Each structure stands twice: as structure tokens, then as C-alpha cells.
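# Structural overview for review
Next come the chains, spelled out residue by residue.
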Amino acid sequence: MMELMLANSHVLLTPITPDIARRIIDRTEQPGDDWHPDYPFVDELDPLAALAASEPSETPFTMYAIRRPDDRVAVGGFGFFGPPDASGAVEFGYGLIPAARGYGLASAAVMLALHHAGQWGALRAKADTERTNAASRRVLEKAGLHEVGRRGDLVFFERALGTVTRSDHD
């Protein structure tokens, strides 16, 4: 996989290859991995297992570790659920360990990744969150996504890409 680190002044996103995904799951940390002891969080294990079972790829539409820029420690994950679909839409998810929440890392990660997704050819971004997760809804709204529907406990959000928000270039 390409060595593609996404960075701004608030966050670093480093790609997770199938090999790295296996190491994260097995907790076989190597120098430079720098995972917080609470990483990965439970919700990330299934996507990591799917990535670990896949072949290496050059696509930028993959999973990324969310790292604090000051110490480069991985405290969460951001993941595209695949390349853009036939309409140009790309779906994504993210999460942080509890100790890293409330510092703007999720918002910075989402805005950074969506900026690059637009540069890589995606036309629209989609995400969902639980109705009760007010913090996640705020992250999505801050990144320029708007609610487009609800089903059960889920709230669905979308945003056209190529529409630059003020924080996309931080």
C-alpha cells in the first residue's frame, strides 16, 4: 500500500494496511506503531478483522489510525467503507477511545479525510450515527454533513464533496 499520511495541525491519519490490522488485533506492536493501551476500541475490531483478511491495495479509501500530532499515538480510527459507489458517494465511520474524546480530534479527522476523498474523486460523503450520540452528530455537522433521514435508532448524514469547509485546510 502507498505510504499516505494525511495531516493537518490538529490530527494525523496514517493508513492501516492488512498487515498492520493483523498486528493491531493480535496486539503485536512494533516500533513506530504507538498505539494507546485502549486502542482499538471494540467497535473497530470487526472492520480491522475484515481489513486484516484482505489483500494489500493501493486505494486511499481504506482505514486510517487517528493520531494525536504531538506524540503520534493512535487513539482511534477513521475508515472508508470502500471506494465511491457508482454515484460517486463514499461512506465512512470513525471513533476515538474515551480518553481522546472532547479535544476536536474526531472533527479534525473527518474534515481532513473528506477533503482528501474529494481530491481522490468522491463526489459525496455519507455517514450515520445513533440518534442518542449527540457528540457524533456534532462532529458530522461541523464537517458540513446534513441530516438526510432517520431509520430506527440511526440518523443519516450526507455532504457534497468539493464544497470546502473552513477547517478542511487546517
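Everything that follows concerns the structure shown earlier in this document.
Presented here is an overview of the structure given in this document. Given the structure is predicted, the values throughout are model-derived calculations rather than measurements.

Here we come to the environment of Arg159. Mapping Arg159 onto the fold places it in strand 8 (residues 154-160). The sequence separation of Arg159 and Glu29 amounts to 130 residues, and the corresponding C-alpha distance is 36 Å. Among the polar contacts made by the side chain of Arg159, one reaches the main-chain carbonyl oxygen of Ala143 at a distance of 2.8 Å.

On a regular strand, one side chain projects to one face of the sheet and the next to the other, so that they alternate. Burial analysis of strand 7 (residues 146-151) places just 0 of its 6 residues in the buried class, which makes it a mostly uncovered element. Between strand 7 and strand 8, which pair antiparallel in sequence order, lie 2 residues; one of them, Gly152, sits at a positive phi of approximately 60°.

The subject of this paragraph is the nonpolar core. In terms of nonpolar packing, the biggest core is built from 47 residues, with Leu13, Ile16, Tyr39, Phe78, Phe80, Phe92 and Leu145 touching the most fellow members. Sorting elements by how many residues they give to this core places helix 3 (residues 105-119) first, with 10 residues. Look past the residues within four positions of Tyr39 in its chain and what remains in contact with it is Ile16, Ile24, Arg27, Glu44, Ala65, Ala74, Val75, Gly76, Gly77 and Ile97.

The tally for this structure, following the rule as stated, stands at 5 salt bridges. Arg23 is the partner of Asp33 in a salt bridge, and the nearest nitrogen-oxygen pair spans 2.6 Å. Of the two residues, Asp33 is situated in the loop between helix 1 (18-26) and helix 2 (45-52) and Arg23 in helix 1; the sequence distance between them amounts to 10 residues. For Asp33, a relative accessible area of 7% corresponds to the buried category. Residue Arg23 is classed as buried on the basis of its relative accessible area of 10%. In this structure, Glu147 engages Arg150 in a salt bridge whose closest nitrogen and oxygen atoms are separated by 2.7 Å. Glu147 sits in the partly exposed class, given a relative accessible area of 40%. Note on Arg150: relative accessible area 41%, which makes it partly exposed. Three or more residues are tied together by salt bridges with common partners; here these are Asp19, Arg23 and Asp33.

Here we take up the sheet that holds strand 4 (residues 74-80). Within the open sheet, the 8 strands sit side by side as 1-2-3-4-5-6-8-7. Their pairing is mixed. The strands lining the two open edges of the sheet, one partner per strand, are strand 1 (6-7) and strand 7. Where strand 1 and strand 2 (residues 12-15) come together, 2 bridges link them in antiparallel fashion. Its bridge partner lying in strand 2, Leu6 is registered against Leu13. Sheet strands touched by helix 3: strand 1, strand 2, strand 3 (63-67), strand 4, strand 5 (89-96), strand 6 (124-130) and strand 8. Its angle to strand 5, the strand with the most contacts, is close to 155°.

Cut-off values and rules
- Residues numbered from 1 in each chain as written.
- Predicted model: local features only at pLDDT ≥ 70, side-chain atom pairs only at ≥ 80, totals over all residues.
- Heavy atoms only, no water.
- Helix = DSSP H or I, 4+ residues; strand = E, 2+ residues; numbered from the N terminus.
- Polar contact = N/O pair within 3.5 Å; in protein donor to acceptor, adjacent residues only side chain to side chain.
- Buried < 20%, exposed > 50% of the residue type's maximum accessible area, 1.4 Å probe, protein only.
- Pairing = 2+ DSSP bridges.
- Core = buried A, V, L, I, M, F, W, Y, C linked by side-chain atoms within 4.5 Å.
- Contact = heavy atoms within 4.5 Å.
- Salt bridge = Lys/Arg side-chain N within 4 Å of Asp/Glu carboxyl O.
- Axes fitted to C-alpha atoms, helices over the stretch in contact; angles between N-to-C directions.

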